[in-house]
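# Secondary and tertiary structure notes
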Amino acid sequence: MNKLMIFCFILTILLPGAALGEESPIGKIKTGTGEVMVLRNSNESALHPGDSLYQSDIIRTRARSSVGILFDDNTVLSLGPESEIVIEEYIFAPQQGKFSMITRMLKGTASYLSGIIGRQAPDSVKFSTPDTTIGIRGTKFLVKVIGKAGHPPPVFLSSGP
Amino acid sequence: MTKQTILKREPKMPRISSILISVLLLMVFSGCGSKSTIVLLPDPDGKVGQVVVATEGGQQVLNQAYQAVEAKGPKAPPGEIVVLNPEEVQSIFAEVIAVDPLIPVKFILYFLLNSNELTDESQDELPQIIKTVEERNSTDIVITGHTDTVGAMEYNYKLALERAEIMKGILIANGINGDNITTTSHGEGNPLIKTQDDVEEPRNRRVEVVVR
């Protein structure tokens, strides 16, 4: 009972922070080449090193473009040219024991290196492609996704007649 | 004998073709052009972890460096595991490997019991931290304070935050721009060594300084 009360007390301290968490940055662009775009709240804008990322961001790289992202928990995610990835959920709240990173890769190439979330709560890391879900046990991997027939990569559109 | 087999076979034929047609339809609707290749790499420290590549049809476990697997569509099981050589991997993933950011460097400094004073050994690590920040031109330094599980959670939350702030002050005193430093407290919630509640553990009384 006593423990429960302490827990509630802590929650009241931390909840305002948790509510803010939805709009607070989750990581930063560290490196980049060419044109890297983010789709956020239905607006597309360019990303540059030093820029912050937020939950629900959709990150796209154009031809001959690439980007390196460092998340707050030290997860490293890099994208090669003509890639697209959705950060569906990112929760890094170690003081509350809350961790989640749900990433959906639609196309292109990516490199992923686990951070604290992957070490503390590997089951809360979900990385999916149109074909698979990838379960991660503290590690580094590369992914290449060749887009679905229904979603041709832009290179097909621009090379059309 | 032969008649029997022929008789048996004949009704099977339409079944096989209908299976073929449904497989083809399935491929069209599930996006037959879609294909994912996953390659496991060694971690920066040389250790090799594990990834489980799963589809609705099955799964493959990669646990050796440079093992790779291909999945074609969400229904089919992933293909056989193959081992690529590092040069192949480099050529397929050249652009993404080139842009991979430097991995943050982490320093762990320890405190005396129920105190915000650094141990002597940790004092000695300070020059290395300053040097790393300067070498990387880092404008992103994150200090996280931690405690062991002795004492109440809310007290430890504050103590850990105090430790992080003390550390920030030390870095500023050594010429690092305070605007580039963020401090947070994990209280007793993120121990280096997992213990029961109310256990003294010097290795949990720490700040972690991450130079990003």
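Residues numbered from 1 in each chain as written. Chains lettered and ligands numbered in written order. Predicted model: local features only at pLDDT ≥ 70, side-chain atom pairs only at ≥ 80, totals over all residues. Heavy atoms only, no water.

### Considering the overall build of chain A
Counting its regular elements, chain A contains three helices and twelve strands. Across the 161 residues in chain A, those meeting the buried criterion constitute 45%. A sequence separation of at least 24 residues applies to 52% of the contacts in chain A between residues at least 6 apart. A total of about 7,600 Å² of accessible surface is found on chain A, and carbon and sulfur atoms cover 58% of it. (Helix = DSSP H or I, 4+ residues; strand = E, 2+ residues; numbered from the N terminus. Buried < 20%, exposed > 50% of the residue type's maximum accessible area, 1.4 Å probe, protein only. Contact = heavy atoms within 4.5 Å. Areas by Shrake-Rupley, 256 points an atom, 1.4 Å probe, with all protein chains shown as cover.)

### Considering helix α6 (residues 126-136) of chain B
Residues and elements named next belong to chain B. Taken residue by residue, α6 has Leu126, Ile129, Ile130, Thr132 and Val133 as its buried positions. With its buried residues spanning 160 degrees around the axis, α6 presents them on a single face. Counted as exposed and oriented over 90 degrees from the buried face of α6: Pro127, Glu134 and Glu135. Packed against the buried residues of α6 are β6 (105-110), α5 (120-123), β7 (141-145), α7 (153-173) and β9 (206-211). Of the residues trailing α6, asparagine 137 is marked for its positive phi of about 55 degrees. (Arc of directions from axis to C-beta.)

### A short note on unusual backbone geometry
At serine 42 of chain A, a residue that is not glycine, the phi angle is positive and equals roughly 65 degrees. Mapped onto the fold, serine 42 of chain A is located in the loop between β2 (36-40) and β3 (43-46). The class of serine 42 of chain A is exposed, set by a relative accessible area of 71%. You will see that asparagine 114 of chain B, though not glycine, has its phi angle at about 50 degrees, which is positive. Along the chain, asparagine 114 of chain B falls in the loop between β6 and α5.

### Comments concerning the environment of leucine 109 of chain B
All names here are of chain B. Secondary-structure assignment places leucine 109 in strand β6. Taking the C-alpha atoms as reference, leucine 109 lies 7.8 Å from glutamate 125; in sequence the two are 16 residues apart. Once you skip the residues sitting within four places of it in the chain, leucine 109 turns out to touch Leu118, Ser122, Glu125, Leu126, Ile129, Met167, Arg205, Arg206, Val207 and Val209.

### Details of the pattern of salt bridges
One pass over the full model with this rule turns up 19 salt bridges over all chains. Residue aspartate 123 of chain A pairs with arginine 137 of chain A through a salt bridge whose shortest N-O separation is 3.1 Å. With aspartate 123 of chain A in the loop between α2 (116-120) and β10 (125-128) and arginine 137 of chain A in strand β11 (residues 133-137), this pair connects stretches of sequence that are 14 residues apart. A salt bridge links lysine 47 of chain B to aspartate 45 of chain B; its shortest N-O distance comes to 3.8 Å. Judged on exposure class, the residue lysine 47 of chain B and its partner aspartate 45 of chain B are both exposed. A cluster of three or more residues bridged by salt bridges with shared partners is formed by Glu35, Glu44, Arg60, Arg62 and Glu84 of chain A. (Salt bridge = Lys/Arg side-chain N within 4 Å of Asp/Glu carboxyl O.)

### Some thoughts on the nonpolar core
Grouped together as the largest cluster of nonpolar side chains are 35 residues, with contacts concentrated most on Ile59, Phe127 and Phe141 of chain A together with Ile38 and Val51 of chain B. Element by element, the count of residues in this core is highest for strand β9 (residues 98-113) of chain A, at five residues. If sequence neighbours within four positions are ignored, phenylalanine 141 of chain A has contacts with Ala110, Ser111, Tyr112, Phe127, Ile134 and Ile136 of chain A together with Ile38, Val39, Leu40, Leu41 and Val51 of chain B. (Core = buried A, V, L, I, M, F, W, Y, C linked by side-chain atoms within 4.5 Å.)

### As for the confidence of the model for chain A
All names here are of chain A. Averaged over all residues, the pLDDT of chain A is 84; the fraction at 70 or higher stands at 78%. Counting contacts from residues 16-21, a segment whose pLDDT is below 50, to residues more than four positions away or on other chains yields one contact. Note on residues 149-161: pLDDT under 50 across the span, and five contacts to partners over four residues away in sequence or across chains. (pLDDT = per-residue confidence, 0-100.)

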